[in-house]
Amino acid sequence: MASPLVPAHFTTASNHIPQVRAVAPTPSPGKPPAITISGECRKRSRRWSSCIRVCAASSSSSSSSKDSSSLSQVILDRHHGSTWSGLLHSGLERLENAIAAILIVSQISFPMPFIDWNPWFISPANAVLYSPDTKVPRTGELALRRAIPANANMKAIQESLEDISYLLRIPQRKPYGSMEGDVKKALKIAMEEKEAIMGNVPGELKEKGSMLYASLLDGKGSLQNLLESIKEKDPDKVSVGLASSLDTIAELELLQAPGLSFLLPEQYLRYPRLTGRGVVEFTIERGDSSTFFPTDGGEPKSIATIQVVIDGYSAPLTAGNFAKLVTDGAYDGVRLKCVNQAVLSDNEIEKYGYTVPLEVMPSGQFEPLYKSTLSIQDGELPVLPLSVYGAVAMAHNVDSDEYSSPSQFFFYLYDKRNAGLGGLSFDEGQFSVFGYTTAGREVLSQIKTGDFIRSAKLVQGRDRFVLPDES
């Protein structure tokens, strides 16, 4: 029986691509028809249905051959008797023929309404009608790095280097000149804005910040070394150096963000919260005495370890509630259930947890939205996207989709084959995503229903974990 806390498509192997049918109304004279394309994506347990609807008005335009003929006649009259008139007339005929051919091709490619236009000639469309114009992060590390509320200069450096990641994907001839320009831009910002960058580091962390800053400029895995690798045109060296530089940037950005960059709404101040980052380590044990197979070699074992970074910068209430459950031992011994594209904790612990509202931080905003999903079709994207393999999110509350479950969470096994155009999950923006699997991702696909969490521990982030004053 499907759990009421997760979408029905988590429990069925049904096709994820909606069947979309084109319906065209009969056009009124002189007015282009509106084409409405809609389709039911999937049936869900509660509010798990959505329709993709696109209304587009065709723009019609017509060209008058009479106007062209008049223009031709005027030109010919002016040159009547000229030895060039014959050539000019011939040239204009060719131009008119070319224009007519273009109009015919345009009509075939982009049909325009005519008086006797028949809407039944439109063929059915089977597609997902959404393709966002954005670079959605495809790894948990990238998503987490982008979510750090750091100094604007550091973000500019980060964006310049992340651009190299996309340039490295270009096959054959790599644009090393563009890569070099990105690194030089990052170096220029780092050197000219040192005071502003270091000014955001708290006093007690200045020494560590200075060491990271020096390492970023001219240390191991520094921007200078990255620049040399680019000049050597060695993509492998560039990739390694880039990863090292981005790691240093993330460390420095974390020093700049000692707490939340926004104030929580007053009604949520009594909730547990995480004011930064934490790391939870799960020990997963087989339920049938079989083994996990490590991808990096080694002996198969019946126990595997998974590490999850939970992010309080973007989801302080959700991550805080989860941290409390972990420290209370609420997940020790909990069984796991494999459903379509997810590994779900097979529990609903009434005595633990808070009724946390749905919490989603929209990209470009400074604070989360509560009790509200995002409209992906309108271009709204979350800072912590679900469309990443190993994303960790809370299931929906059994009573209302405006709230997350007090305790039931899932690992999302993103699969681009079951995503819409643009690579986004059909459920993007509908859940409170609060972290990502950063170690042991290969274990997720091996988990079977009946395996269980032997233990879950908060190994980092206790200093960012705030419990409410229950007095």
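Worth saying up front: this structure is predicted, and the values here are computed from it rather than measured.

About the thresholds
- Residues numbered from 1 in each chain as written.
- Predicted model: local features only at pLDDT ≥ 70, side-chain atom pairs only at ≥ 80, totals over all residues.
- Heavy atoms only, no water.
- Pairing = 2+ DSSP bridges.
- Helix = DSSP H or I, 4+ residues; strand = E, 2+ residues; numbered from the N terminus.
- Axes fitted to C-alpha atoms, helices over the stretch in contact; angles between N-to-C directions.
- Phe/Tyr/Trp six-rings, centres within 6.5 Å; stacked < 30°, edge-to-face > 60°.
- Buried < 20%, exposed > 50% of the residue type's maximum accessible area, 1.4 Å probe, protein only.
- Lys NZ or Arg CZ within 6 Å of the ring centre and 35° of its normal.

Student: I keep staring at the sheet that holds strand β6 (residues 303-311) and nothing clicks. Help me out?
Tutor: Sheet strands pair by backbone hydrogen bonding; their relative direction is either parallel or antiparallel. In space, the eight strands of this open sheet follow the order β7-β8-β12-β11-β13-β6-β5-β14, with antiparallel pairing throughout. Every interior strand has two partners, whereas the edge strands, β7 (336-339) and β14 (452-460), have only one. With strand direction ignored, the average angle separating the axes of adjacent strands in the sheet is 30°. The pairing of strand β5 (residues 277-285) with β6 spans nine bridges and is antiparallel. Bridge pairing in β6 links isoleucine 284 to alanine 304.

Student: What should I look at first to understand the packing of aromatic side chains in this one?
Tutor: The geometry of an aromatic ring pair is captured by two quantities: the separation of the ring centres and the angle between the planes. In this structure the tally under the stated criterion is eleven aromatic pairs. Ring geometry for tyrosine 268 versus tyrosine 370: centroids 4.9 Å apart, planes at 45°, classification tilted. Of the two residues, tyrosine 268 is situated in the loop between α9 (235-256) and β4 (273-274) and tyrosine 370 in strand β10 (residues 369-370); the sequence distance between them amounts to 102 residues. For tyrosine 268, a relative accessible area of 7% puts it in the buried group. Each ring, one from tyrosine 331 and one from phenylalanine 409, has its centre 5.2 Å from the other, and the planes form 80°; the classification is edge-to-face. Of this pair, tyrosine 331 sits in the loop between α10 (316-327) and β7 while phenylalanine 409 sits in strand β12 (residues 404-412), and the two are 78 residues apart along the sequence. As far as burial versus exposure is concerned, tyrosine 331 and phenylalanine 409 are alike and both buried. Three or more aromatic residues link up through ring pairs in this structure, and these residues are Phe282, Phe322, Tyr331, Phe409, Phe411 and Phe434. Over the ring of phenylalanine 292 we find arginine 286; its NZ or CZ atom is 3.9 Å from the centre of that ring.

Geometric values such as these leave the question of function open.
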